[in-house]
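# Architecture at a glance
Here's the letter readout for the chains.
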Amino acid sequence: MKIARLILIFSLLSIFHFPAAAQVAIEKPWARATAPGARVGSGYMVIRNQGAAGDRLLSASTPASAKVELHVHINDNGVMKMREVPAYDVPARGAFELRPGGAHLMFVEVKRPFKEGGTVPVKLTFEKAGEVNTEFQIGRLGGSAPPAGRKY
Ligand SMILES: [Cu+2]
């Protein structure tokens, strides 16, 4: 009886220790450098979901700006506009890509300019994977691709 109970406890523990965060991987997180006096910055990455269930990025935060919003670009009668969205859907065994001209993290009220070569620590909160901490590498001002020659 006692052994059976121990086995039960251990199997329950292994369920709770299942590393949910390992289901989501962040690839090439990077942000554009910001001009002196600029109040907003933007960040990009690829969110890869290795899990069998879809997940959602619900929010992001950083000590480097007052807040971080999830933005998309939409074509409004030929005019590209940014919109805040409540979440990004990351499909099961798929990916969601943030890139210049598309979805991006908007750093609002940056506390000091983002300098090329620096990093921005960002905490991402997913519906299923929970909190994932990552570091955005700062690339060129107005750059359109992740900074080259950097390790991620
Ligand atoms: Cu934006």
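Our subject is the structure that appears above.
In this report, we go over the structure that sits alongside the text. Counting restarts for each chain, with residues numbered from 1 along the sequence as it is written. Two thresholds apply to this predicted model, a pLDDT of at least 70 for residue-level local features and 80 or more for giving and counting side-chain atom pairs, whereas whole-chain, interface and lining totals are computed over all residues. To get the side-chain values, all heavy atoms of the structure are used, and hydrogens and water are removed first.

Below, the discussion takes up the coordination of the copper ion. Only nitrogen, oxygen and sulfur atoms within 2.8 Å of the metal, or 3.2 Å for Na, K and Ca, are treated as donors, and water is left out, so sites may look incomplete. Within the protein, the copper ion binds to His71 (ND1), Met82 (SD), His104 (NE2) and Met106 (SD); these donor distances fall in the range 2.0 to 2.2 Å. In this structure, the copper ion is surrounded by four donor atoms whose angles at the metal cover 92 to 121°, and the resulting shape is tetrahedral. All donor residues of the copper ion come from one chain, and their arrangement in sequence is H-x10-M-x21-H-x1-M. Residue Met106 is classed as buried on the basis of its relative accessible area of 8%. Donor angles set the geometry label: tetrahedral for four donors if every angle is between 85 and 135 degrees, square planar for four and octahedral for six if opposite donors exceed 155 degrees and the others are between 65 and 115, irregular for anything else. Only protein chains enter the accessibility calculation, which uses a 1.4 Å probe. A residue is then buried if its area is under 20% of the maximum for its type, exposed if over 50%, and partly exposed in between.

Moving on, we come to the pattern of salt bridges. A pair is scored as a salt bridge if a Lys or Arg side-chain nitrogen falls within 4 Å of a carboxyl oxygen belonging to Asp or Glu. For the structure on display, the rule yields eight salt bridges. One salt bridge in this structure joins Glu109 and Arg39, with 3.0 Å as the shortest N-O distance. In this pair, Glu109 is assigned in strand β8 (residues 104-110) and Arg39 in the loop between β1 (24-32) and β2 (40-49), connecting sequence segments 70 residues apart. Classification of Glu109 as partly exposed rests on a relative accessible area of 35%. The salt bridge involving Glu97 is made with Arg99; its shortest N-O contact spans 3.9 Å. The exposure class assigned to Glu97 is partly exposed, which follows from its relative accessible area of 46%. Since its relative accessible area comes to 43%, Arg99 is described here as partly exposed. One network of salt bridges, with partners in common, ties together Arg56, Asp89 and Glu127. Labels follow the DSSP assignment, with helices taken as runs of H or I lasting at least four residues and strands as runs of E lasting at least two, numbered in each case from the N terminus.

Bringing unusual backbone geometry into the picture now. Although it is not a glycine, Lys28 sits at a positive phi angle of roughly 45°. Take Lys28: it is sitting in strand β1. Within the chain, Glu109 stands out as a residue other than glycine whose phi angle is a positive 60°.

Looking now at the packing of aromatic side chains. Two rings belonging to Phe, Tyr or Trp (six-membered ring only in the last case) form a pair when the distance between their centres is within 6.5 Å. Interplanar angles under 30 degrees mark stacking, angles over 60 mark edge-to-face geometry, and anything in between is tilted. Applying the stated criterion across every chain, the model contains four aromatic pairs. Between the aromatic rings of Trp30 and Tyr44, the centroid separation amounts to 4.9 Å while the plane-to-plane angle is 40°, which identifies the pairing as tilted. In this pair, Trp30 sits in strand β1 while Tyr44 sits in strand β2, placing the two residues 14 residues apart along the sequence. Consider the rings of Tyr88 and Phe96, whose centres lie 4.6 Å apart with planes at 20°: the pair is stacked. A relative accessible area of 1% places Tyr88 in the buried class.

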